[in-house]
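Given next are the chains, with one letter for each unit.
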Amino acid sequence: MKITKRQLQLLKEATQLIGVSGQEKEVRNYLQKHFEEKKLPLLFDELGSIYAYKKGTDSSLKVMISGHMDEVGFITQEILSNGLIKVVPIGGVDERSMIAHRAILKNSLGKLFYGAVTANAPHLNAEAANFIKQITFDFGFRNKKEAEKANIKFGDQIILDGPFQILNKKKRLLAKAFDNRYSIALIIDLLDELENVTLPFDLYLGANVQEEVGLRGATTASNLIKPDLAIVLDCSPARDTFVSKEEEGVLGEGVLIRYLDRAMIGFPKLLKWQEEACKETKVKYQYFHSTGGTDAGAIHKSQTGVLTLTHCICARGLHSPSTIIDVDDYLAAKKVLLHLLKNLNYEKYLSLKNNI
Ligand SMILES: [Zn+2]
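Definitions and cut-offs
- Residues numbered from 1 in each chain as written.
- Predicted model: local features only at pLDDT ≥ 70, side-chain atom pairs only at ≥ 80, totals over all residues.
- Helix = DSSP H or I, 4+ residues; strand = E, 2+ residues; numbered from the N terminus.
- Rg over C-alpha atoms; globule rule 2.2 N^0.38 Å.
- Buried ≥ 20, exposed ≤ 12 C-beta atoms within 10 Å, placed from the backbone.
- Contact = placed C-beta atoms within 7 Å.
- Core = buried A, V, L, I, M, F, W, Y, C linked by C-beta atoms within 7 Å.
- Domains from an automatic or database assignment.
- Pairing = 2+ DSSP bridges.
- Axes fitted to C-alpha atoms, helices over the stretch in contact; angles between N-to-C directions.

In this section: the overall build of the protein chain. On a plain count of helices and strands, the protein chain comes out with nine helices and 17 strands. Taking 2.2 N^0.38 as the reference for a compact globule, 356 residues should give roughly 21 Å; the C-alpha atoms of the protein chain span a radius of gyration of 21 Å, in line with that estimate. Principal-axis analysis of the C-alpha atoms gives the protein chain an extent of 65 × 45 × 40 Å. Out of the 356 residues belonging to the protein chain, those deemed buried represent 48%. Summarising the internal contacts of the protein chain: among those between residues at least 6 apart in sequence, 75% fall at separations of at least 24.

What follows is about the nonpolar core. Counting residues in hydrophobic clusters, the biggest one holds 100 residues, and the most contacted among them are V63, I184, V255, I313 and V336. Looking at which element gives the most residues to this core, the answer is helix 8 (residues 327-342), with eight residues. Mapping this core onto the domain boundaries places at least three of its residues in each of domain 1 (5-71 + 176-353) and domain 2 (73-160). When neighbours within four sequence positions are excluded, V336 is seen to be in contact with V255, A277, C278, T281 and V283.

Moving on: the sheet that holds strand 17 (residues 323-326). In spatial order, the strands read 10-11-17; together these three strands make up an open sheet with antiparallel pairing. Here the strands that pair on one side only, and so sit at the sheet edges, are strand 10 (165-167) and strand 17. The sheet shows a mean angle of 25° between the axes of neighbouring strands, taken without regard to direction. Pairing of strand 11 (residues 172-175) with strand 17, which is carried by four bridges, proceeds in the antiparallel orientation. Across the sheet, the residue bridging to L174 is I324, located in strand 17. Where helix 8 meets the sheet, it contacts strand 11 and strand 17, and its direction lies at approximately 60° from that of strand 17.

With that settled, consider the pairing of strand 3 (residues 62-68). Within strand 3, six of the seven residues are buried, which leaves it mostly tucked inside the rest of the structure. Sheet analysis places strand 3 next to strand 12 (residues 202-208), joined by seven bridges and oriented parallel. In the sheet register, S66 faces strand 12, and the bridge partner there is G206. As judged from the four bridges shared by strand 3 and strand 13 (residues 229-237), these two strands associate in the parallel manner. Looking across to strand 13, one finds that V63 is bridged to L229.

Function cannot be inferred from these measures alone, as they are strictly geometric.
Here's what the structure looks like:
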């Protein structure tokens with residue numbers, strides 16, 4: 001398996017979009033453009049999640065494939081008299097990655113401002129709890145008036161800049177926000193593959209808003225779609241900094257069979273289905289548990305319960321501007337997901353559903 005120019009382009013574009021939780025418009029527009037190119041009907045929930053609808057031959061089964069559009073970041077809270085900006089973090093930002101990092105502010109008019117994270121002293125000795133109080137963002141404004149003139153307002157989103165770079169002869173990729181722009185690229189990539197395929201079920205493919213602040217868009221999107229079966233795409237933290245065979249979440253070791261996290265216990269039959277698909281497609285896979293959660297946590301509890309499977313890969317440096325994924329993991333995830341979809345119909349769904 002080799003990564004194509006198109007896939008690299010999608011991953012590059014998706015990671016460089018700016019969209020912290022609650023302000024995902026840029027990402028949604030990107031998905032919408034691709035969905036419209038494929039002439040698929042669109043659905044939106046009232047929070048801003050977006051789905052494309054691909055009708056199948058048998059509408060008795062509804063399958064939802066979900067990513068999430070948002071990334072962790074900040075919003076402006078206060079402009080100081082000297083032009084520096086105080087912020088509120090949105091989502092679980094890795095504070096260790098922040099000091100001196102380059103940043104981009106996008107104001108409500110869509111204008112970008114480039115700057116950096118500043119702090120008073122080289123050695124902060126910051127208590128984790130008040131770390132954010134000890135830093136400011138500097139976008140070059142010399143005073144409050146200049147910032148106000150540039151239409152910087154409360155709530156403008158700020159992200160840490162993390163350009164896309166290809167590492168080690170296309171084996172690994174470095175950028176901000178592979179969590180979860182991995183899913184945005186994969187959704188478009190998947191639609192490319194399914195362009196001339198008619199599936200024996202209705203497929204809803206898209207992405208939710210506000211995952212990083214508590215699975216909010218997943219709740220509203222699943223209420224909208226009311227799926228029978230959901231597959232959630234996300235990027236989980238690798239735990240392989242000091243390589244040990246006992247670790248779960250090793251870069252390059254394939255698809256994560258996520259059996260447990262804070263928000264959902266994996267459905268045994270679905271995990272087995274996923275594992276078998278990995279074996280049948282001859283790709284690597286690894287068991288994984290997490291103290292975090294994914295949108296699956298909300299979707300599986302919607303209606304009277306929904307069969308839900310996570311389909312994740314891992315990344316190093318999660319929630320920092322420098323996340324690294326393994327290209328083979330991406331390709332493996334895509335291959336297995338296609339295999340799952342191509343071997344799914346109503347009877348198969350019933351067999352996954354009965355006697356959980
Ligand atoms: Zn995520």
